Amino acid sequence: MATLELYSKGASVWISDPNAVWVSAQLLQDYSPGEKHLLLELSNGKEVHYPVGSPSDLPPLGNPDILEGENDLTALSFLHEPAVLHNLRVRFLDYSSIYTYCGIVLVAINPYDQLPIYGEEVIDAYSGQDMADMEPHIFSVAEEAYRTMTREEKNQSIIISGESGSGKTVSAKFCMRYFAVVGGAAQQTSVEERVLASNPIMESIGNAKTTRNDNSSRFGKYIAIGFGRKGDIIGANMRTYLLEKSRVVFQASAERNYHIFYQLCASRELPEMRSLKLDAPEHFRYTNRGGETQIPGTDDLSDLERTRNAFTILGVQPDQQMELFRILSAVLHLGNVNIQASGRSSDRSYIDVDDRSLAVFSKLLGVEGPQMAHWLCHRRLAVGGEMLVKPMSGQQAVEARDALAKHIYGQLFTWTVHRLNSALRTQRGQARSFIGVLDIYGFETFDRNSFEQFCINYANEKLQQQFNRHVFHLEQEEYVREELAWSRIEFSDNQQCINLIEGQLGLFDLLDEECRMPKGSDESWVRKLYNQHLASKPHPHFQKPRLSNSAFIVLHFADMVQYECDGFLDKNRDTVFEELVNILKASQSELVAELFQQQENPSTVANGSVRSGKRATREHKLTVGFQFRQSLQMLMDTLNSTTPHYVRCIKPNDLKEPFMFDPKRTVQQLRACGVLETIRISAAGYPSRWTYEEFFSRYRLLLQGPQIQEQAQASCRRSLPQLISDPDQYCFGKTKIFFRAGQVALLERLRAERLRGAAVIIQSRVRGWLSRIRYTRILWATVTIQRYSRGSLARRLALTLRYTKAALVIQKTCRMVVVRRLFLVIRQATVTIQAFTRGTLARRRYRLLVAERAAVLLQAGVRGWLARQAYRRVRAAVVFMQCCVRRRAARRELLKLKTEARSVERYRELNKGMEVKLMQLQLRADQEARESAALRETLHAASAELGALRVTVQRLESQKHEKPQLCPAVSEKEVEKRRRAEDKAAQEILQLTQELQALQTEKNSLCKERADLSTRFLEQEKAEEERVHQAVSQASAALRLELDEERRKYQGLLREFTRLEQRYDNLREMSLLTERTPGHRRTDSTQSLSLEPLSPSATPLSPQSLTPLSLSPFPSAFPSPEELRRVSVTSPCLERRVSVRSSDTPMDQLMEKMDVAKDPAVKMRGEDLAHAYDAVRLANKLLESQLRNQRDQWEEELEALRCQLSQAVSGCSSAAQRQELQELLEAREQECVKLRRELKELRNTVSLRRLLTQALTPETLSSPSRPKPAAACAGLLECRKRDETKLIKNLVTDIRVDSALSLPPGLPASVLFLCVRQADCSGDQTRARSLCSAAVTAMKAALKKRSNDVDMTALWLKNACVLHDLLTRHSPKQTLDSHELVPLTTDLNDLIRALSDLCIQAYQQLLSITETRLQNIIVPALLESETIPGLSGSAAKLGTSKKRAGSDPRTAAGDAPSMASVLRELGTLHTALSHQALPPTLMEQAFHQLTYLISASALNSLLLRKDVCCWSRGMQIRYNVSLLEEWLRSRGLQAGGAVATLEPLIQAVQLLQAGKKTEADAQALVQTCTALSSQQIVKILTLYTPNSDLDERVTLNFIRTVQGLLKGRSDGQPPQLLMDVRRVFPVTFPYLPPAVLHADQFVIPDSLKISFLRRA
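Nothing here was measured: the structure is a model prediction, and the numbers come from that model.

Draft legend 1. Fine view of the pattern of salt bridges. In this structure the tally under the stated criterion is 37 salt bridges. Between Glu-152 and Arg-151 there is a salt bridge; the shortest N-O distance is 4.0 Å. Since its relative accessible area comes to 37%, Arg-151 is described here as partly exposed. Among the ionic pairs, Arg-665 bridges to Asp-654, the shortest N-O distance being 2.9 Å. Taken together, the residues span a long stretch of sequence, with Arg-665 in helix H20 (residues 663–673) and Asp-654 in the loop between strand S22 (643–650) and H20 at a distance of eleven residues. Classification of Asp-654 as partly exposed rests on a relative accessible area of 38%. Each of Glu-163, Lys-651, Asp-654 and Arg-665 takes part in one network of salt bridges that share partners.

Draft legend 2. Focus on the sheet that holds strand S3 (residues 37–42). Strands sit in the order S1-S2-S3-S4 across an open sheet of four strands; the sheet is antiparallel. Strands with a single pairing partner mark the edges of an open sheet, and in this sheet they are strand S1 (12–17) and strand S4 (47–51). Pairs of neighbouring strands in the sheet enclose a mean axial angle of 50°, with direction left out of account. Direction of pairing for strand S2 (residues 21–27) relative to S3: antiparallel, over a ladder of three bridges. Bridged to Leu-27 within S3 is Leu-40.

Draft legend 3. Geometry of the sheet that holds strand S24 (residues 730–732). Here we have three strands laid out as an open sheet, ordered S23-S25-S24, and antiparallel in their pairing. What marks the edges here is a single partner per strand, and that holds for strand S23 (688–691) and S24. Between one strand and the next, the sheet's axes are offset by a mean angle of 20°, whatever the strand orientation. In the sheet, S23 pairs with strand S25 (residues 736–739) via four bridges, with the strands oriented antiparallel. From the neighbouring strand, Trp-690 faces S25, where its bridge partner is Ile-737. Strand contacts of helix H22 (residues 692–699): S23, S24 and S25, with the helix running at about 90° to S23, the strand carrying the most contacts.

Draft legend 4. Molecular detail of the nonpolar core. Among the nonpolar cores identified, the biggest contains 316 residues, and Phe-179, Ile-260, Met-372, Trp-525, Phe-552, Leu-1287 and Phe-1487 are the most heavily contacted of them. Here Leu-1287 is in contact with Cys-1279, Val-1292, Leu-1312, Cys-1315, Leu-1331, Ile-1650, Phe-1652 and Leu-1653, once residues within four sequence places are set aside.

Draft legend 5. Layout of the packing of helix H6 (residues 259–266) against helix H8 (residues 318–335). Across the interface, H6 lies against H8 with an axial gap of 10 Å and an inter-helix angle of 100°. With respect to their mutual orientation, H6 and H8 come out roughly perpendicular. Across from Ile-260, Phe-261, Leu-264 and Cys-265 in H6, the residues of H8 making contact are Phe-325, Leu-328, Ser-329, Val-331 and Leu-332. Class assignment of the residues belonging to the contact of H6 with H8 gives a composition of eight nonpolar, one polar and no charged.

Draft legend 6. Structural context of the side chain of Arg-891. The topology assignment puts Arg-891 in helix H24 (residues 743–902). Those residues in contact with Arg-891 that sit more than four places away from it in its chain are Leu-939, His-940 and Ser-943.

Draft legend 7. Representation of a nonpolar patch on the surface in the model. Together, Ile-762, Val-766, Trp-769 and Leu-770 make up a nonpolar patch on the protein surface, roughly 400 Å² of accessible area in all. You can see Trp-769 is positioned in helix H24.

How each quantity is defined
- Residues numbered from 1 in each chain as written.
- Predicted model: local features only at pLDDT ≥ 70, side-chain atom pairs only at ≥ 80, totals over all residues.
- Heavy atoms only, no water.
- Salt bridge = Lys/Arg side-chain N within 4 Å of Asp/Glu carboxyl O.
- Buried < 20%, exposed > 50% of the residue type's maximum accessible area, 1.4 Å probe, protein only.
- Helix = DSSP H or I, 4+ residues; strand = E, 2+ residues; numbered from the N terminus.
- Pairing = 2+ DSSP bridges.
- Axes fitted to C-alpha atoms, helices over the stretch in contact; angles between N-to-C directions.
- Contact = heavy atoms within 4.5 Å.
- Core = buried A, V, L, I, M, F, W, Y, C linked by side-chain atoms within 4.5 Å.
- Parallel < 35°, antiparallel > 145°, perpendicular 65-115°, else oblique.
- Nonpolar A, V, L, I, M, F, W, Y, C, P; charged D, E, K, R; others polar.
- Patch = residues over 30% accessible without salt bridge, like charges linked within 9 Å, V, L, I, M, F, W, Y side chains within 5 Å.
- Areas by Shrake-Rupley, 256 points an atom, 1.4 Å probe, with all protein chains shown as cover.

Spelled out as structure tokens, the structure:
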């Protein structure tokens, strides 16, 4: 009972209500012992008087607000029914949390809605986490069972119970799915897949629609999932209990038969199903009894396809599946067999011979139809040792038919379970331990309860007893562990009710006894019950109904249930006649015969007995009740030998509406499932438990004496007796303080009073201080007002005196202004007259000066013009003379150079030994000389014409000078004519000017219109470009996303392939271990490499090898074979030149093209030809420069002639002369065009250089089989064929770690490439390909060998990238545009692709290593580590950190991971990547992936943990994230999006730290948290927990406001709550063309032991 002092004014209590069960009320006055009424105010404002007879009648107290919405019911201060109901309602309706802990029980409320809390990301979040740290979830219970099993190696059980429709089956499936994921190495193996495949099969044959549930399990099952040593699933086994066979032949209203019948009817149109002769379910008697054949939202056809796929996964062949479907279809047809009554009193029955249903039934089962028809209507009796056949009435025949149908279905169900168990049986040895999942029916009570409900409630009685004892055992274990002095806790035991059912002369014994009686009936059995348990020895749990003599009442632990005895005996017997079974045994169908051959062994009969003519002895063993008791006892033995975990499923309403809470139905189920019993057991002891540190942190203000955190236990022990006077209300343990119910509320009240008293003192002091401040301010204001008033009076007097003096000054000044104004007017008039007079005289003198100045300027202009004309004529003559002289000198120089060019002696001086070639080239030079002579003649002709033109110009100038002398001779008539012409021309000019202005105006308007059109067009064009750009951007973005998705899928497939390859290797090694003989010896590690075999044929010889050295024209130029010996790789490099040329070279083709004769006696070498080419090139350049100079001179002369002609034409009035000069000018221009054409032809001689260049460059692309020149194959490394394996072994496979890490980045790949390149250059393509293939295979093996080493993985990633880039760089496709690289002749495209895949695998392995190391430290480092000391010291919250029995102990503070651990792992990866000089973009992608993992893992854990959703913890997390951001920025990794992936976590932390009260705060949160989804924001607000009294919970109104704002935000966020931690970003490797490699560039250490390589 709670302390009476807590019933004070303002306290919250609960009172009963007929509709809401319990309603909240508030005390309006304090309660005093002896008062008969309590004055209460309900939540709706109504005041009521609550009657109180004694203190025991006081209403239950409400819990403090700080405990509202607590995720563990046992953490409540007051443990009673209204507190539990209210807490569940708040969590379910307000927080949308369907899971709640109640000690060791998980209460699961069916939401009737799809919630995004069961994805793989949620499984990852709960995997490896402690049950006390996470929000309640079915995965948390599964994880606790899995961890306990692996840690303690003890079997576990998860007991899931609840009434129909509460979600038991779904919870069991989620448990199995969780085990399949965590026990299957992240991907479902065959065993896990088979375990999950059993669910759709059992649902189809064991589930049906009821009035309470559309998918109700009509049987109980216990699935034991076996695990191996490594925690992986290796097998499973299933046991079933009490199948409801009566549903096969009868269904209540609005219910259905088992799903499999409707699935078969829905698939009747399939080709393979037509032989079953099925029809719609409305036409079958066994499927239309309930009146409903469809379930909304369910597709029976697709469900059957899912069932068939599950059968296939479990190894059931299609033909066997069809046998199964035939038997099920036969059951449906059996129900349609028409049995007709006959005889006078209808004591006989018969079946028509033409009954179609019987014929189909017989055909499907392969039995004789007439025999089946006969024995369905007759039975055999043994009378006096003789066998008699007795006909049956119609009702008896119908019952026999239905019994046969039930028996067939029961046998088929049993066979299916056995078949599933054989498929799920382990193939990899004995299971080390198992986890059992019990999905069993909950307590049931209907309007009419029969034998099935009786067995179900009996099973629940047994489970409740086991549950009570286990809870009591855990409670006592806690007290013993804390060394408490405790007395035995009394709890309600239901052993009496169990004895009533299963004890001697109990209900089952009397039922079996009545079944053995020849004329036993339900009525006689009920009378025996009344006599035994009411009359002779009354039982407290047995009663008789008042208005019925055919029923009885049992007082179960959950409720009082009335059972109708009709049908009890028949259901308990569950008999079928032996004659019908014998017919089925003789069936032609193997499966049917197999089903009923089991009748030979009675011990195997699980669901019924067979009645023959001779009654079997000990028949009671075969009754359903006896078998059920046996199987139930086996189940209890199994549960008692395991560690149980309890899940209680609650059905919130009967309407199946989502998130609708019916308190009446919920309380009824809470009482039935034992949740309230757990509360009672906890309340009987010490339900509230606090560690000393938590108690000290919360109630330190109530403690006395020194308050030091290190002495918290001593302070609590010293001060608590002063706070709670009754020592029986608390107890001190080793690490915790235990309180009775209500004592925490009392402490909260004392704490509130202490805080209230302190607040009053603070308020009094503050108010006194404020009053003194106010008085001081008033005093200061009064003095100030007085001072300002006196000053104002003094200023007013001074102002009056100042005004008087100012008036005198103004009068004096006004008089002075009037007089001065008159004086100024007179003076201004005088000055104006003088100014006008002086201006007139000055303007007159100025006009005279202007006229004189104009005359002077005219004279100066005329004289200057005459002087400039004379100067221009003189300068033109001088320039012309200079041009002629320079042209003559240039011609002489040109002739001299041409003569030298034609001279053979000159070529002999330049090129010794080139006489023959020079003679041939002389012919070409002579031809060019002749062309130059022709040009020279053309130039002479042009010069002559130029002279004639110059004479013509001089003549025109002389005519121009003589013309002014003839002007006076013109007659006056001509002058008049000219004047008229000028007037006419002036008029025409005026008219044209006007027209021009009009045209100009029109032009301006058109220009303006054109400008407008241009502007509009540009705008439209710009808009169109923007639309096109936007469309292109969207298309490119979509293509980029599609490309990334395809790349991600490909890399995912590659990762899956790597995993499967590893599994294959593991299986192969396992098989080798099992098959290895005792004398087996290990082979060399290099022999495991799958090197590509070389061709057995000899390597084809190259053209160089076909040419003997004795036939060489230069025997001395080739060294001896001893001199051709190559030098070791590690020795100094020696230069050597070896040139082997073929007989037909590109130079011969060039000489034929140039008409150069071939002399077989003299062979020109490349160096002589280069000298000849240089000589010709110099001559061509000289000729080209001379011609260019001549062209420039000609253009200058033509320009000067144009100027002269234009001047002459402007000065000459003769049209004929103008025409003549124009024609002459056009002729000269045509001649210049001709000269330019000839100059262009001379420039074509430059093609000689290109021909020589092509001749000297190897033509590798056109003839790949041609041997490569020595320059292209120099600087390579040669590896002999016998040394290839040794090279791979020393360089890749067996290289030591220290030696490998000391090598320059990419050295092994470079050496391998040089060896492959040398083999390719030598023409041995097979050896080059095999060496490259062996290198790729060896790198794969090296990666697998070092699968946990970051440095070595980074090293082989670098080498794979280098080798891939080198091969890509030298592939034919890449070298088409490059003249410096010689492509590989060997086709290595497939190996390049293999290297690309190897790079991806190495990258994924590198990330996998780091992710594995980070996985277990991310959450402790980011969310739990106290990087800022003391910030969360006072953040202990009521009810937090409650550790459960069996959970892992907390990690010690010194060993707890911190941000330094995370940064250390990231630094290790960054160092490894930097050491190998990998590209920065690749490093950015790697850290982008890792930071996403960190952010997603931390955010998922934050969304599932209530203890970290507070302000102080948010500050800690933000500081930890800032450390990670600073680390990324300090290493330049922020550009790749690594920092951006942390944004969701940062915004979640900001959400914890932001204000959460007003609507403005809600709008700010919605605008800020753009990276979070709506579900995540609401979840964080829901989980937010105040860590001090200064903080408050987030109100429901604020959460609803945020939800309303989030509905209008179209952020496109996915609907899931948690982030996908398994998301993998596709990697893109940048292509960096490597430099040309040369063997001399590398310094290969001797430790590699590859000195057998030779430089080539």
